[in-house]
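Structural description and commentary
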Amino acid sequence: VYKRQAKMGLGVGAYRDDNGKPFVLQCVREAEKRIVNAQLDCEYAGIDGVPAFREVALQLAYGKDSEVLASKRVASAQSISGTGALRVAGEFLNRFVARGDAKPRIYVPSPTWGNHMPIFGDAGLEVTPYRYYDAANISLDLPGMVADLEAAPAGSIVLLHACAHNPTGVDPDAAQWADISAALKAKGHFVLLDMAYQGFASGDPTRDATALHTLVADGHNLMLCQSFAKNFGLYGQRVGLWSLVCRDSDECDRVQSQVKRLIRPMYSNPPIHGARVVSTILRDPELDTLWRQEVASMASRIIDMRQLLRERLVALGSQRDWSHIEKQIGMFCYSGLSAEQVDTLRNDWSIYMTRDGRISMAGVTTKNVDRLAEGIHAVTSSS
Amino acid sequence: KNPQMATIGSISAVPPDAIFGLLAKFKACTAETKVNLTIGAYRDENGNPMVLKTVRKAERLMLDDASLNKEYLPITGDVAFVRAAQELALTAPIVDNLGDRLRSVQALSGTGALRLAFELLRVAGESLVLLSSPTWGNHKNIVKASGHRVGSYRYFDESSNALDLDGMLADLEAAPDGCVVVLHACAHNPTGVDATIEQWARIRDVLRAKKHVALFDVAYQGYVSGSPELDGAALRLFAESGDDMIVCQSFSKIFGLYCERAGACHVVMSDSDAASGAERANAAHTQLARISRASFSNPPAHGARIVARVWNDATLRAEWLAELRGMAERIEGMRKSLRAELERIGAGGSEHSWQHITAQRGMFAYTGLSEDTVAHVVDKHAVYMTSAGRISIAGLNESNVAYVAEAFRDALATVKQQ
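Residues numbered from 1 in each chain as written. Chains lettered and ligands numbered in written order. Predicted model: local features only at pLDDT ≥ 70, side-chain atom pairs only at ≥ 80, totals over all residues. Heavy atoms only, no water.

Further remarks concern the nonpolar core. A general feature of soluble globular proteins is that nonpolar side chains tend to end up buried together. Tyr62 and Leu160 of chain A together with Tyr223 of chain B are the most contacted members of the largest nonpolar core, which has 172 residues in total. Here this core takes nine residues from helix α12 (residues 285-315) of chain A, the largest share from any one element. Other than its neighbours up to four places away in sequence, tyrosine 62 of chain A contacts Val68, Leu69, Val74, Leu212, His213, Val216, Leu222, Leu224, Ser243 and Val245 of chain A. (Core = buried A, V, L, I, M, F, W, Y, C linked by side-chain atoms within 4.5 Å. Buried < 20%, exposed > 50% of the residue type's maximum accessible area, 1.4 Å probe, protein only. Helix = DSSP H or I, 4+ residues; strand = E, 2+ residues; numbered from the N terminus. Contact = heavy atoms within 4.5 Å.)

Okay, here's the thing in structure tokens:
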């Protein structure tokens, strides 16, 4: 019967409401109304983007009272969402990184977002995985990760996910982050942090930035890539920020001039609309409060779905341990399903997910969670 | 301890981009009267930035359109926008005739389209890319950043302030076979000098004989005659010639959408021995998608949706065309005013011809002023223009044209002329 049902898409990482519909945040609608009414001009933004946006985006990430911002030592440029920030990062590292190898190299967690490798590859970097996900235990392989970081040559470039690791949903806890930070420091590694889900993981933007704050406090002059696609629901507006913590404001100014030189032959200057929306929201106390409520509700709906899915599986009599569904955080669940099981779900149940067993929990609703649970139970109880 | 910190610490500062540096100087300038003739953005008769009424209308319609959401566009862009971009560049009948030999993607305005095009060409290896002398300052940056070599062809004849066609054709012929030739479809930046349609046919013939690839930069379609269709003649000529062609299109100036980065990259492919034009165009399209995905994943929706909405609504499209014509007419009017004033006050002496001011078309004029003369114009009169003598006609209006003309007259009279 499920074969004939409508396709259930759990592939793409875009938030859906409980009716499975795309969700435009109320604070975004209000901000857009104000922007259109303000009849602003449409002149070129600077190469590094809208200053008002950059300021609040930096504050959101590093904290309003952060020392690095007060010291004016964070270089930043508005980017074409997270992908654009990562590409700027890759191009910057390719041009300025210390070369041991013939080709600069970046270490990425295994697994990582599918687009990381094409981005860094096209930017001219070699991409090498480090151990991250322990498939057997569906958890973080901290010893493996630390060992691989220690084995990497001193001063290597290391990519980390700030929160809500994509695709696994497995994040280090505070103690593990401390170990990771220490391992990075011991080898003088350079940190590139990908933060695409700030606010979306726990529901609290400050809490989701804990790893970032820890690393900065530990003295890492890191590079950060922020996306506003998910936490503001601005996917198609392409809002992001690239930033680099420098030693002082003089280095910051020099870096700023160089990153502008990189961006000019890429796209000259970034699109303004989405940046204006974010800036409008974060600068207005009422809209800011509304945003925090809305991002918290998106995160909590996903957390509720995780709980519901696990309950349903237990209720169906599944003997497998599904605790990881609730332990994992963010948009995705690394189900542990095999490629063959994923194929069966697609062919027999019309349930679509990526072949690594990654489920976009944002696509799960109270209306479809039963079907999902039955499908997962069916393909796992027969093996 | 951290070698990366040391490396980053040794990064040197880049001198500011020339044009943006001039703009900064203009902003800091405290002169009682100052005129900005540098940046290539349209200004109205009061010297103010202008948002098209059609754009404001479209934005309001979008605000009220409950069917719109903020979801990702496809990697290759908004489908309606891409089709609109094709029709604007080539006209609907030609788009339909080309069929699958024409494939297009949305891009981050003109710069983004050029970058995509050069990255696409890089898939086949490094090319020698020939740029007009002079050309837009960012062309060579984009070419180099994409891993190609930069060459040039003669274009502007300083003695006549017009097109040096013989020099251009000679240089294109002397180059090795198989170069990429960057051509400005209309309103050449910075000179304002365009080829006639007869000259375009001769250029096309040389490109064909040399197996060069024509790569058009079209950022001002409609700014020359007021009609995008008239201004697109060169594009149509090449598209119907049966050769390969790439078109990099910007909507910044023609829609006044500078800040939203709406653009498109079009590829027209001919049949080869190995594959049909449709197959080759499809291969190019998949490469463009791959390059886009690794650069920015998918393009921004806002500007593209505005363009598509306007293009696909008969009333809005007519209103937009009227506004575009209005901008072009004001620019043409200011050319006439500037020339008339320069002649009236005898700038440069009675022998000095200002005919080029009205012969050149589009947003810019290449005045012919020497670098030293320009420096005097900038420093003594606070009339800001590029050291190469380029002025943005859009920056002129009835309130400042006399002042500008006088600045030129004074500079030409004061600075020793070669």
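Okay, the interface of chain A and chain B next. Each partner contributes to the interface: chain A provides 67 residues, whereas chain B provides 58 residues. Both faces considered, chain A and chain B share a buried interface measuring about 5,400 Å² in area, 55% of it formed by carbon and sulfur atoms. Together, Cys42, Tyr44 and Arg264 of chain A form the three largest contributors to the area buried by chain A at its contact with chain B, with a combined 13%. Linking chain A to chain B there are four salt bridges. With a shortest N-O distance of 3.5 Å, aspartate 122 of chain A and arginine 290 of chain B are connected by a salt bridge. Counting across the interface, chain A meets chain B through 32 residue pairs in polar contact (both at pLDDT 80 or more). Contributions of two or more residues to the side of chain A that touches chain B are made by α1 (26-38), α4 (81-96), α5 (116-122), α7 (174-186) and α10 (249-267) of chain A. It is α10 of chain A that provides the largest number of residues to the side of chain A that touches chain B, a total of 10 residues. When the residues that make up the side of chain A that touches chain B are grouped by side-chain class, the tally is 32 nonpolar, 18 polar and 17 charged. (Buried area = accessible area lost by both parts, 1.4 Å probe. Salt bridge = Lys/Arg side-chain N within 4 Å of Asp/Glu carboxyl O. Polar contact = N/O pair within 3.5 Å; in protein donor to acceptor, adjacent residues only side chain to side chain. Nonpolar A, V, L, I, M, F, W, Y, C, P; charged D, E, K, R; others polar.)

Another point: the packing of aromatic side chains. Within the structure shown, the criterion is met by 25 aromatic pairs over all chains. Arranged with centres 5.5 Å apart and planes meeting at 50 degrees, the rings of tryptophan 200 of chain B and phenylalanine 216 of chain B form a pair that is tilted. Of this pair, tryptophan 200 of chain B sits in helix α9 (residues 197-210) while phenylalanine 216 of chain B sits in strand β8 (residues 213-218), placing them 16 residues apart in sequence. A relative accessible area of 6% means that tryptophan 200 of chain B is categorised as buried. Consider the rings of tryptophan 354 of chain B and phenylalanine 408 of chain B, whose centres lie 6.4 Å apart with planes at 25 degrees: the pair is stacked. Here phenylalanine 408 of chain B lies in helix α17 (residues 401-414) and tryptophan 354 of chain B lies in the loop between α14 (314-344) and α15 (355-359), a separation of 54 residues in the sequence. On the basis of relative accessible area, tryptophan 354 of chain B is assigned to the buried category, the value being 1%. Under the relative-accessibility criterion, phenylalanine 408 of chain B is labelled buried at 0%. Ring-pair connections join several aromatic residues into one group, and the members of that group are Tyr15, Phe23, Tyr197, Phe200 and Phe332 of chain A. Over the ring of tyrosine 352 of chain A we find lysine 7 of chain A, and its NZ or CZ is 4.6 Å from the ring centre. The residue whose ring lies beneath arginine 317 of chain B is tryptophan 311 of chain B, and the NZ or CZ to ring-centre distance is 3.7 Å. (Phe/Tyr/Trp six-rings, centres within 6.5 Å; stacked < 30°, edge-to-face > 60°. Lys NZ or Arg CZ within 6 Å of the ring centre and 35° of its normal.)

Moving on, we come to the state of the cysteines. For the structure on display, the rule yields one disulfide over all chains. Disulfide partner of cysteine 42 of chain A: cysteine 259 of chain B, at an S-S distance of 2.3 Å. On the sign convention where negative means left-handed, the S-S torsion of about -85 degrees between cysteine 42 of chain A and cysteine 259 of chain B marks this disulfide as left-handed. Residue cysteine 42 of chain A is found in the loop between α1 and α2 (51-62), and its partner cysteine 259 of chain B is found in the loop between β9 (245-250) and β10 (262-268); the two belong to separate chains. Here cysteine 42 of chain A and cysteine 259 of chain B have matching classes, each one buried. Not part of a disulfide, cysteine 186 of chain B finds its nearest cysteine sulfur in cysteine 248 of chain B, a span of 14 Å. What makes cysteine 186 of chain B buried here is its relative accessible area of 5%. Not part of a disulfide, cysteine 248 of chain B finds its nearest cysteine sulfur in cysteine 265 of chain B, a span of 4.5 Å. (Disulfide = S-S within 2.5 Å.)

Let us now look at the sheet that holds strand β4 (residues 149-154) of chain B. Residue and element names in this part refer to chain B. Sheet architecture is open: seven strands sit in the order β2-β10-β9-β8-β7-β3-β4, paired in mixed fashion. Unpaired on one side and paired on the other, β2 (102-108) and β4 mark the two borders of the sheet. Here the average twist between neighbouring strands, direction ignored, is 25 degrees. As judged from the seven bridges shared by β2 and β10, these two strands associate in the antiparallel manner. In the sheet register, leucine 108 faces β10, and the bridge partner there is alanine 262. (Pairing = 2+ DSSP bridges. Axes fitted to C-alpha atoms, helices over the stretch in contact; angles between N-to-C directions.)

This part is about the environment of arginine 204 of chain B. All names here are of chain B. Its place among the elements puts arginine 204 in helix α9. A relative accessible area of 16% places arginine 204 in the buried class. Each C-alpha atom of the pair arginine 204 and isoleucine 254 lies 26 Å from the other, and the pair is 50 residues apart in sequence. Setting aside chain neighbours within four positions, we find arginine 204 in contact with Leu237, Phe238, Ser241 and Asp243. Within the structure, arginine 204 has its side chain in polar contact with the side chain of aspartate 205 (distance 3.1 Å).

By themselves, these figures tell us nothing about what the structure is for.
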